[in-house]
Amino acid sequence: MYLALIPDEQTTKALRAFAPALPSDAHCTVIHSKAPLPAGLPLPVWPNLSVRNVETFPEGVAVFGGKIKVAVLKLRIVFELAYLRGSAEQIFLESRPSIPYSSEWAFSPHVTLGGAGAQLVGEPPTLLRFDRMEWRP
């Protein structure tokens, strides 16, 4: 299971123009666990309740993965992303029983653009906005 931060419509359109093979479920993973998704797991609270989105900037394209490699757009860790990550970790730790989360890699926010050889067109969007989040199995 994972906490998906979902790009707004404008960002999704800009990402798709940059990476035509963008997955239909494009997102930024805030935290991941191999545990099953428990019923009623609360979402983190947005860090700034007057602003209902997280804005960040691209930090370059990279290839991530072990056996299956994917092209990703790395994202700058802004306050809101760090806050949501910390809040999600707290939710996992306070759950009964606590939920283990993947910690073998440092938090590296990114959006998967497609397979390792994904065609990219032009430059990535200069600003990315995420306006929703959800737990996904």
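In short, a report on the structure. (Residues numbered from 1 in each chain as written. Predicted model: local features only at pLDDT ≥ 70, side-chain atom pairs only at ≥ 80, totals over all residues. Heavy atoms only, no water.)

It is worth spelling out the environment of Arg85 at this point. Locating Arg85 in the fold gives a position in helix α2 (residues 79–94). Overall, Arg85 belongs to the buried group, its relative accessible area being 11%. The sequence separation of Arg85 and Lys13 amounts to 72 residues, and the corresponding C-alpha distance is 25 Å. Reaching out from Arg85, the side chain makes a polar contact with the backbone oxygen of Val30 at a distance of 2.9 Å. (Helix = DSSP H or I, 4+ residues; strand = E, 2+ residues; numbered from the N terminus. Buried < 20%, exposed > 50% of the residue type's maximum accessible area, 1.4 Å probe, protein only. Polar contact = N/O pair within 3.5 Å; in protein donor to acceptor, adjacent residues only side chain to side chain.)

Quick look at the pattern of salt bridges now. Oppositely charged side chains can pair when the atoms bearing their charge come close. Counted under the stated rule, the structure contains five salt bridges. Note that Arg129 and Glu55 form a salt bridge whose closest N and O atoms lie 2.9 Å from each other. Taken together, the residues span a long stretch of sequence, with Arg129 in strand β7 (residues 128–136) and Glu55 in strand β3 (residues 54–56) at a distance of 74 residues. A relative accessible area of 25% means that Arg129 is categorised as partly exposed. Between Arg136 and Glu134 there is a salt bridge, and its shortest N-O distance comes to 2.7 Å. Taking the relative accessible area as the measure of exposure, Arg136 reaches 13% and is therefore buried. (Salt bridge = Lys/Arg side-chain N within 4 Å of Asp/Glu carboxyl O.)

Take the layout of surface pockets next. Estimates place the volume of the largest pocket at around 800 Å³. Lining the largest pocket are 21 residues, and of these Thr29, His32, Phe64, Trp105 and His110 sit closest to its centre. The set of elements that each furnish at least two residues to the lining of the largest pocket consists of β2 (28–32) and β6 (110–115). With four residues, β2 is the single largest residue contributor to the lining of the largest pocket. Split by residue class, the lining of the largest pocket holds eight nonpolar, 10 polar and three charged. (1 Å grid on protein atoms, 1.4 Å probe; cavity = no way out; pocket = protein on both sides within 12 Å on 5 of 7 lines; lining within 4 Å. Points joined across faces, edges and corners; volume = space filled by probe spheres on them. Nonpolar A, V, L, I, M, F, W, Y, C, P; charged D, E, K, R; others polar.)

Another aspect to go through is the pairing of strand β5 (residues 70–75). Remark: a regular strand shows side chains that alternate across the two faces of the sheet. Of the strand pairs in this sheet, strand β4 (residues 58–64) and β5 are connected by five bridges, and their pairing is antiparallel. When the sheet's bridge partners are listed, Val61 is paired in β5 with Leu73. The antiparallel pairing of β4 with β5 creates a hairpin that spans five residues between the two strands, and Gly65 there sits at a positive phi of about 120 degrees. Pairing of β5 with β6 involves five bridges; the strand directions are antiparallel. Residue pairing in the sheet places Val72 in a bridge with Thr112 of β6. (Pairing = 2+ DSSP bridges.)

Now for unusual backbone geometry. Residue Pro97 follows Arg96 across a cis peptide bond; omega there is -5 degrees. Topologically, Pro97 is positioned in the loop between α2 and β6.

Moving on to the packing of aromatic side chains. One pass over the structure, following the stated rule, counts three aromatic pairs. Ring geometry for Phe92 and Tyr101: centres 6.1 Å apart, planes at 50 degrees, overall tilted. Measuring from ring centre to ring centre gives 5.4 Å for Phe92 and Trp135, while their planes differ by 25 degrees; the resulting arrangement is stacked. A residue pair is termed long-range when its members are at least 10 positions apart, and Phe92 in helix α2 and Trp135 in strand β7 qualify at 43 residues. Both residues of the pair, Phe92 and Trp135, belong to the buried class. Clustering of aromatic rings is evident, with ring pairs tying together Phe92, Tyr101 and Trp135. (Phe/Tyr/Trp six-rings, centres within 6.5 Å; stacked < 30°, edge-to-face > 60°.)

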